[in-house]
Structure formats: C-alpha cells, structure tokens
Amino acid sequence: MFEDLRERSAVVTGSTSGIGLHMAEALAAQGCNVTINGLGDKDEIEAERKRIAEAHGVEVRFDGANLMDAQETARLVTDAEEAFGAVDILVNNAGMQKVSPIDEFPEDKWDQMIALNLSAVFHATKAALPGMKSRGFGRIVNTASAHGLVASPFKAPYVATKHGVVGFTKSVALETAESGVTVNAICPGYVETPLVTGQIGDTAKARGMTEEEVKNEVILKAQPTKQFVTYEQLNGLLIYLCSDAGASCTGSAYTVDGGWTAQ
Ligand code: NAD
C-alpha cells in the first residue's frame, strides 16, 4: 500500500463498469474515499458502491452525472469536493466507442463521442484544478488509449478523441507543473470490458469477418503479447501515478498495451 494515498479523495468518471470500476476499487483499496460515476442499473450500482465501501473501509458515493453535459460534468467534481472536502485525484475515464467506416459514421455518434471522450475531460479538469492548485496537490489521470498514439481503420472519431486527450494532457501538465498537480494519460491496449466485447460485432461487419476472426486476427493481433491487458496491470500504474512517488511523472502518455505501439 502507498500510505500517502490514505484518506485522499478521488473521482473516477465512468466507473460503473469495466476499467473505471476496477480503478475506483483500486483507489479504495489504498484508503481513498471515492466518488463513482456512470450509467447503469441503479440497484446494481448501489450494490457495487456498498461492496467497495465495506470491503475497504472507505466512503464511496455515487453520482450519476451524464458527462455528455458540460454543467453536469463540472457539478460532479464540485459536489465531490463539497462532500469529501477535496478532489485530490481525478480519473477521467468515461468513454465510448463506435466502429464504422467514416463515410457511414452517424453524425450524432460523432457529437456524442467528442462530448464524452474529449469535452468531459476538459470540463472535469477545469472544475478540479482550482481546488488542487490551492491545496498544492493534485493527480489527474486520463484514460486515453493506444489509439491516442496510433490509429486503426474504422475508428476515426475514437482515434481523434483519444489523440485529443493525449494532447490535452501534455498541455495542462505544462500549465500546472509548478503547482503540485500532475497530469498524465494511461494508454491501454485491449482490455476485455463491455466496451470491447460490444465492438466485436461491428468490427466483424465493417471488415467482413466472423466475430472469432475479429478477436484473434484484429484485436489480439495488435498486441504482440497476444494477451488482453488486465485490470490489475492498469491499476498498478494508476496507483503509482497518484502516489507521492509519481510526483515527477507529468505530461506523459504511458502505454500498457502488450507492445502494440512499439511496432
Ligand atoms: P465500459 O463500457 O465498460 O465503461 C464505460 C463507462 O463509462 C461506464 O461506467 C459507463 O456507464 C460510463 N459512461 C458511458 N456514457 C456515459 C455518460 N454519458 N456519462 C457518464 N458515464 C458514462 O468501457 P471500458 O472499456 O471500461 O472503457 C473505459 C475507458 O477506457 C474509455 O475511455 C475507453 O475508451 C478506454 N479504453 C478502453 C480500452 C479497452 O480495451 N476496453 C482500451 C483503451 C482505452
């Protein structure tokens, strides 16, 4: 355990499922009080909230802010600050994917993807920074993607937003470098979450392949390890970046991608 994380307060966006849910629990396991956020079944979310709080002896609150809305996104952060006295750690993780040839890509999905994957990172960061700067401590970790560094066909809007997140990360890191606030991006390769399983069908359609072929010849082919990235592997980096030991790490995009972007 990193003792310095005990009683820090964290907000993890998009943490009712997949990577965000596991990141929220990893922070709770270090003794952080956590605000979880996201969509989904109310009873299931409440059961997860309660389970994480009880398992780790910390406070866990849920905020169902829709991050496609700028005001809601800022309110998520300011309410968390009011509830726990601070937002020390902000993990901008919520995101969506849609796989389609660009000439068939629906306009409304483009707008939604920009709003959730990119604009919400701006709105939450803007809301969190004044408090972080005034306390002289902050950790902002943005879940970008290997697609923040390299591209794949049929994912142009996603790739555009994730490249945007990496650029935003670098710029804000430079602005906050002397304030005790660090800003980094984590760039995962493929993790077996609902977001990935949900795109297998669309990719099969776009590429004229079976779903099994997509899994082996598209998804795992991108990763030299031929293994999905695990939640634990992402959490190890997240916790390090949020700890005092990570104080000199800022403005970087860290890959956890099984060697994908080395090619
Ligand atoms: P997921 O679909 O399991 O989880 C997405 C989360 O975002 C959920 O909690 C969902 O409720 C929430 N969300 C969706 N729309 C929202 C909205 N309008 N307002 C608030 N919350 C909303 O996906 P995941 O795979 O865990 O992805 C998490 C992040 O990791 C995303 O940014 C994704 O782009 C990124 N990522 C995933 C992979 C992967 O292989 N799974 C790889 C690289 C990057």
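Residues numbered from 1 in each chain as written. Predicted model: local features only at pLDDT ≥ 70, side-chain atom pairs only at ≥ 80, totals over all residues. Heavy atoms only, no water.

1. Examining the nonpolar core
Residues M23, L27, V34, I89, I186, L234 and L238 are the most contacted members of the largest nonpolar core, which totals 33 residues. Elements represented by at least two residues in this core include exactly β1 (9-12), α1 (18-29), β2 (33-37), α2 (42-56), β4 (89-92) and α8 (231-242). Setting aside residues up to four positions removed in sequence, L27 forms contacts with A10, V12, C32, V34, I89, V91, L238, I239 and C242. Ranked by size, the runner-up nonpolar core spans 25 residues in total, among them V11, V77, V87 and F105. (Core = buried A, V, L, I, M, F, W, Y, C linked by side-chain atoms within 4.5 Å. Buried < 20%, exposed > 50% of the residue type's maximum accessible area, 1.4 Å probe, protein only. Helix = DSSP H or I, 4+ residues; strand = E, 2+ residues; numbered from the N terminus. Contact = heavy atoms within 4.5 Å.)

2. Concerning the packing of aromatic side chains
Enumeration according to the criterion identifies 1 aromatic pair in this entry. Directly above the aromatic system of F137 lies the positively charged group of R8, at a separation of 3.6 Å from the ring centroid. (Phe/Tyr/Trp six-rings, centres within 6.5 Å; stacked < 30°, edge-to-face > 60°. Lys NZ or Arg CZ within 6 Å of the ring centre and 35° of its normal.)

3. As for the packing of helix α6 (residues 194-207) against helix α7 (residues 211-219)
Axis angle and axis distance: for two packed helices, these are the angle between their axes and the distance between the axes, and together they describe the pair. Packing of α6 against α7 brings their axes to within 9 Å, and their N-to-C directions diverge by 95 degrees. As the angle between them shows, α6 and α7 are arranged roughly perpendicular. Contacts between α6 and α7 involve V196, I200, G201, T203, A204 and R207 on the former and, on the latter, E211, V214, V218 and I219. Among the residues making up the contact of α6 with α7, the classes are represented as 6 nonpolar, 2 polar and 2 charged. (Axes fitted to C-alpha atoms, helices over the stretch in contact; angles between N-to-C directions. Parallel < 35°, antiparallel > 145°, perpendicular 65-115°, else oblique. Nonpolar A, V, L, I, M, F, W, Y, C, P; charged D, E, K, R; others polar.)

4. Looking at the domain arrangement of the chain
By domain assignment, the chain separates into domain 1 (3-189 + 229-256) and domain 2 (192-228). One C-alpha centre belongs to domain 1, the other to domain 2, and the line joining them spans 25 Å. Tallying the contact residues gives 17 residues for domain 1 and 12 residues for domain 2. Across the domain 1 to domain 2 interface the summed buried area is about 990 Å²; carbon plus sulfur atoms make up 57%. Its largest share of buried area at the contact with domain 2, domain 1 owes to V99, F154 and V229, together 43% of the area lost on that side. For the pair domain 1 and domain 2, the interface holds 0 salt bridges. Where domain 1 touches domain 2, the interface holds 1 residue pair in polar contact (both at pLDDT 80 or more). Sorting the residues of the side of domain 1 that touches domain 2 by element identifies α1 and α8 as the ones contributing at least two each. In terms of residue class, the side of domain 1 that touches domain 2 is made up of 8 nonpolar, 7 polar and 2 charged. (Domains from an automatic or database assignment. Buried area = accessible area lost by both parts, 1.4 Å probe. Salt bridge = Lys/Arg side-chain N within 4 Å of Asp/Glu carboxyl O. Polar contact = N/O pair within 3.5 Å; in protein donor to acceptor, adjacent residues only side chain to side chain.)

5. As for the pairing of strand β6 (residues 181-188)
In terms of residue burial, β6 counts as a mostly covered element, since 8 of its 8 residues are buried. Burial along β6 is two-sided: V181, V183, A185 and C187 and T182, N184, I186 and P188, pointing in opposite directions, are all buried. In terms of strand pairing, strand β5 (residues 138-143) meets β6 through 6 bridges, oriented parallel. Of the residues in β6, the one forming a bridge with N142 is A185. (Pairing = 2+ DSSP bridges.)

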